[in-house]
Amino acid sequence: MKLDSAGLQVLSHEECMRLLPSCPIGRIVFTDRALPAVQPVNFCLDGEDIVIRTAAGSKLAAATRNAVVAFEVDDFDSGERTGWSVTVVGYARVADDSQVARLERLPLTPWAHDGDHFIVVTTVEATGRRIQQPS
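The structure presented is a predicted model; accordingly, all values stated were derived computationally and were not measured. (Residues numbered from 1 in each chain as written. Predicted model: local features only at pLDDT ≥ 70, side-chain atom pairs only at ≥ 80, totals over all residues. Heavy atoms only, no water.)

Regarding the overall build of the protein chain
Along the backbone of the protein chain there are three helices and eight strands. Going from the N terminus to the C terminus, the protein chain shows its helices and strands as β-α-β-β-β-β-α-β-β-α-β. The C-alpha atoms of the protein chain give a radius of gyration of 16 Å, which matches the 14 Å a tight globule of 135 residues would have. Considering only C-alpha atoms, the protein chain reaches an extent of 50 × 35 × 25 Å along its principal axes. For the protein chain, buried positions account for 42% of its 135 residues. Counting only contacts in the protein chain whose residues sit at least 6 apart along the sequence, the fraction spanning at least 24 positions is 67%. Accessible surface for the protein chain amounts to roughly 7,900 Å². Of this, 51% is attributable to carbon and sulfur atoms. (Helix = DSSP H or I, 4+ residues; strand = E, 2+ residues; numbered from the N terminus. Rg over C-alpha atoms; globule rule 2.2 N^0.38 Å. Buried < 20%, exposed > 50% of the residue type's maximum accessible area, 1.4 Å probe, protein only. Contact = heavy atoms within 4.5 Å. Areas by Shrake-Rupley, 256 points an atom, 1.4 Å probe, with all protein chains shown as cover.)

In structure tokens form, the structure reads like this:
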């Protein structure tokens with residue numbers, strides 16, 4: 001088991017991709033008017049691509065066209081002081097018309113509104129850490 005300088009377990013790319021869909025909500029980090037912005041979203045994986053459904057006119061849809069973004073998911077048990085965090089860095093793009101019918105069949109329904117616009121984040125790098133209490 002590889003540990004980082006703080007003693008946290010370093011997760012492999014494969015473990016990061018396995019953990020991502022275990023939580024229904026993640027946070028996408030993008031640039032809005034030259035400033036960093038973070039928005040919670042529900043999502044699903046399509047292979048190693050992160051798929052988000054939103055409204056076509058949303059701030060998120062406008063800001064993520066062909067942009068580098070980060071996406072973060074975590075799970076913690078504060079009582080046990082254990083948990084993990086995974087961060088993906090990749091390129092966000094609007095799904096093209098040839099993909100929409102297939103993406104509509106994914107198990108992805110926006111919580112906040114009806115979305116007819118798909119954002120696909122192509123994973124370039126996935127990193128993660130896990131904290132566990134000694135046994």
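What to know about a nonpolar patch on the surface
Residues Val68, Val89, Tyr91 and Val124 make up a contiguous nonpolar surface patch of about 370 Å² in total accessible area. Here Val124 is to be found in strand β8 (residues 117–131). By relative accessible area, which is 54% here, Val124 ends up exposed. (Patch = residues over 30% accessible without salt bridge, like charges linked within 9 Å, V, L, I, M, F, W, Y side chains within 5 Å. Salt bridge = Lys/Arg side-chain N within 4 Å of Asp/Glu carboxyl O.)

Concerning the pattern of salt bridges
Counted by the stated rule, this structure contains eight salt bridges. Asp32 serves as the salt-bridge partner of Arg33, at 3.8 Å between the closest nitrogen and oxygen. For Arg33, a relative accessible area of 71% corresponds to the exposed category. Overall, Asp32 belongs to the buried group, its relative accessible area being 15%. With a shortest N-O distance of 2.8 Å, Arg102 and Asp46 are connected by a salt bridge. Placement of the pair is Arg102 in helix α3 (residues 97–104) and Asp46 in strand β4 (residues 44–46), with a sequence separation of 56 residues.

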